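# Reading the structure
For reference, the chains in residue letters:
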Amino acid sequence: MTKEIELRKSKQLAVYFLAFAAFLFVTTLFLPVDIWWVGLIRAISEAAMVGALADWFAVVALFKKVPIPLVSAHTEIIPKNKDKIADNLAIFVRDKFLDVESIVALIQKHDPAQKAADWLCAPDNTSKLGAYLVRITSGMLDFIEDAAVQKFMTKAIHAMLDKIDLSSSAGLLLEVMTKDNRHQALLNEGINQFALILREEETQQFIANGIVGWLKEEHPVAEKIVPSGWVGKTGAEIAIKAASRLLNEVNNDPQHPLRFKFDSYTKEFIARLKTDPDFFEKAEDIKRYLKSDATFNTYMGSLWRDLKDWLKRDCVDENSILHAKITAAGQWLGKTLAEDASLRQSLNQHMEDAAKKMAPDFAHFLTVHIRDTVKSWDSKEMSHQIELNIGKDLQYIRINGTIVGGCVGCLLYLIAHAQELYYFLLA
């Protein structure tokens, strides 16, 4: 049942009460006037009609113009006062709902951090949250244009490259890495890995082949006389043993001269990275190359496509990694909040502080929005909408007016004819 139908039925009911009172009044006109109960019914029906018509006027005057001389100026109350209603409604919402004290009291009353913890601690809730966020992500992926994202990513990377001093940044990074002789640990690891490579048969064969090739190019006659394969193998063994011995010495001796040379070279290289104009120019060349290189820019664009494709596949997967991560994060957050009362208190306090700072601006914005929105409505349409929502209850005022009027008429008639009724009862 629509509001229009409900309003029309309630109006009809009020009219039926008025019509019944009028019917009683008309009926009494054809009855003898010397019968006391006829006068009582007439008084009741007259007062009921007066009450019904008075309340009808009061209700109708709220929404429509009643063309009655002298009083018509004070009808059509709601349409005529639309702007006042807009201003007062906006102020009422601002003062009663959006004031700082009310919002802070609301936060203190409901303890949102605790409620969030309780909600997140329920596995079903975090699972629903994960599923909801996955659906949102999937919808956003279909909405986002690939070309726009790729263009944005390219611009962002180019802007980042423009702001970065590659040479100085590399120098600072190496300086941090070499602090407290950390680079010596890196040297040790490099030595160990190089020693392992030297022990491999492929490495030995490579060196041996290199020696044989050198003999063939530089000493072709001698290569035909001496057993070149034996020379290559033996030379490789000697070279590997010599290199291994040197590596072991450097690895076992923290004061080895090669370590000091490595220190010196590292410090000099870092200093040049930070101060040498040639390094600065080379860094700028690298930046220009990265910004203009088609392959690099195409690769950056493909990163988004690959990420998008993976996300879309994951969103529809029953064992979605994204869903699992969100669910796990929600459960962790809920557990952390539930176990840490000081964290909950801190979050609530931050929300209160944010409310104190944001409430005045938000209240002003919403006040202006409500006021301007109501003022922009058509007066008659606004009046009609209000009548649809409260008109049904207003029709009961008319019905009550009919009943109350009849009761008052009955009471006044009894008071006015109390002496006559007294003698009549005695007789």
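Here's a quick rundown of the structure.

About the thresholds
Residues numbered from 1 in each chain as written. Predicted model: local features only at pLDDT ≥ 70, side-chain atom pairs only at ≥ 80, totals over all residues. Heavy atoms only, no water. Core = buried A, V, L, I, M, F, W, Y, C linked by side-chain atoms within 4.5 Å. Buried < 20%, exposed > 50% of the residue type's maximum accessible area, 1.4 Å probe, protein only. Contact = heavy atoms within 4.5 Å. Helix = DSSP H or I, 4+ residues; strand = E, 2+ residues; numbered from the N terminus. Arc of directions from axis to C-beta. Salt bridge = Lys/Arg side-chain N within 4 Å of Asp/Glu carboxyl O. Disulfide = S-S within 2.5 Å. Patch = residues over 30% accessible without salt bridge, like charges linked within 9 Å, V, L, I, M, F, W, Y side chains within 5 Å. Areas by Shrake-Rupley, 256 points an atom, 1.4 Å probe, with all protein chains shown as cover. Axes fitted to C-alpha atoms, helices over the stretch in contact; angles between N-to-C directions. Parallel < 35°, antiparallel > 145°, perpendicular 65-115°, else oblique. Left-handed = near helix turned anticlockwise from the far one by under 90°.

All right, on to the nonpolar core then. If you look at the biggest cluster of nonpolar residues, it comprises twelve residues: V59, F63, I78, A86, A90, V93, L98, A363, I370, V374, M382 and L394. Among all residues touching F63, those that are not within four sequence positions of it are E76, I78, P79, S383, I386, E387, I390 and L394. Membership of the second largest hydrophobic core comes to six residues, among which are I191, A195, L247 and V250.

Burial in helix α6 (residues 112-121) covers these residues: A113, A117 and L120. Along α6, the residues classed as buried sweep out an arc of 75° about the axis, all on the same side.

What follows is about the pattern of salt bridges. Tallied over the entire structure, the rule returns four salt bridges. Put simply, R371 and D372 hold a salt bridge, and the shortest N to O gap is 3.3 Å. By relative accessible area, R371 is classed as partly exposed at 29%. Owing to a relative accessible area of 38%, D372 belongs among the partly exposed residues under this scheme.

A few words now on the state of the cysteines. In the structure shown here, the tally under the stated rule is zero disulfides. Not engaged in a disulfide, the cysteine C410 finds its nearest cysteine sulfur in C407; these two sulfurs lie 7.2 Å apart.

This part covers a nonpolar patch on the surface. A contiguous nonpolar patch, built from L13, V15, Y16, F17, Y396 and I403 and spanning about 530 Å² of accessible area, is present on the exposed surface. Those elements that place two or more of their residues in the nonpolar patch are α1 (3-28) and α19 (379-416). Per-element accounting of the nonpolar patch gives the leading share, four residues, to α1. With respect to the element layout, V15 can be found in helix α1. The class for V15 is partly exposed, based on a relative accessible area of 41%.

Moving on: the packing of helix α5 (residues 100-110) against helix α18 (residues 341-376). Closest axis-to-axis distance for the α5/α18 pair is 9 Å, and the angle between their directions is 160°. One way to sum up the angle between α5 and α18 is to call them roughly antiparallel. Seen from above, α5 lies across α18 with right-handed handedness. Here V100, I103, V104, I107 and Q108 of α5 come into contact with α18, specifically with N348, M351, E352, A355, K356, A359 and P360.

Before going further, it helps to spend a moment on unusual backbone geometry. Its identity is not glycine, yet E76 carries a phi of approximately 55°, on the positive side. Structurally, E76 can be placed in the loop between α2 (36-63) and α3 (77-80). Although it is not a glycine, D111 adopts a positive phi angle of roughly 50°. The residue D111 is located in the loop between α5 and α6 in this model.

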